[in-house]
Amino acid sequence: MPDRPIAEVLLRALADEGTGVRSTEVVLNAVQSYLAADTVRLVRPIEGEWATILRAGRDQLAPASLLAVAADLDGVLRAGGWMVIPLRLSGLRGQLLAVEGARVSPQLAWRPLD
């Protein structure tokens, strides 16, 4: 097994300053595929609402209350079939990765980034 889970490596690619939208879509699709998830969304708050930056998979949004709680956490929040991960990397601060229906164990797929 690699030193870092593949989902983490893929998310690091999202944080690269030079990553364009097309590259980000490819990375998000790879995260969805690796997690065997129904939905993966990169979201952030804009004017009091949760806005989707990009998505892969089904057009399903995590409940706003779940996103609000997850935004204040330092780790993964799992509830109601969702896994929500606050991203702390410089290029992604304030954004959340919301995953529905992941079939890969979150412990195997994710650990907090330093």
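What you see is a predicted model, and the numbers here were worked out from it, not measured in a lab.

### Regarding the overall build of the protein chain
Then step 1. Scanning the protein chain from terminus to terminus reveals 4 helices and 5 strands.
Then step 2. Split into buried and exposed, the 114 residues of the protein chain put 40% on the buried side.
Then step 3. When the accessible area of the protein chain is evaluated, it comes to approximately 6100 Å², of which 51% is carbon and sulfur surface.

### Some thoughts on the environment of Leu77
Then step 1. Turning to its location among the elements, Leu77 is positioned in strand β3 (residues 77–79).
Then step 2. Each C-alpha atom of the pair Leu77 and Ala98 lies 9.5 Å from the other, and the pair is 21 residues apart in sequence.
Then step 3. Sequence-distant contacts of Leu77, defined by excluding residues within four places in its chain, comprise Leu66, Val69, Ala70, Trp82, Met83 and Val84.

Procedures and definitions
- Residues numbered from 1 in each chain as written.
- Predicted model: local features only at pLDDT ≥ 70, side-chain atom pairs only at ≥ 80, totals over all residues.
- Heavy atoms only, no water.
- Helix = DSSP H or I, 4+ residues; strand = E, 2+ residues; numbered from the N terminus.
- Buried < 20%, exposed > 50% of the residue type's maximum accessible area, 1.4 Å probe, protein only.
- Areas by Shrake-Rupley, 256 points an atom, 1.4 Å probe, with all protein chains shown as cover.
- Contact = heavy atoms within 4.5 Å.

Taken by themselves, the reported measurements are silent on function.
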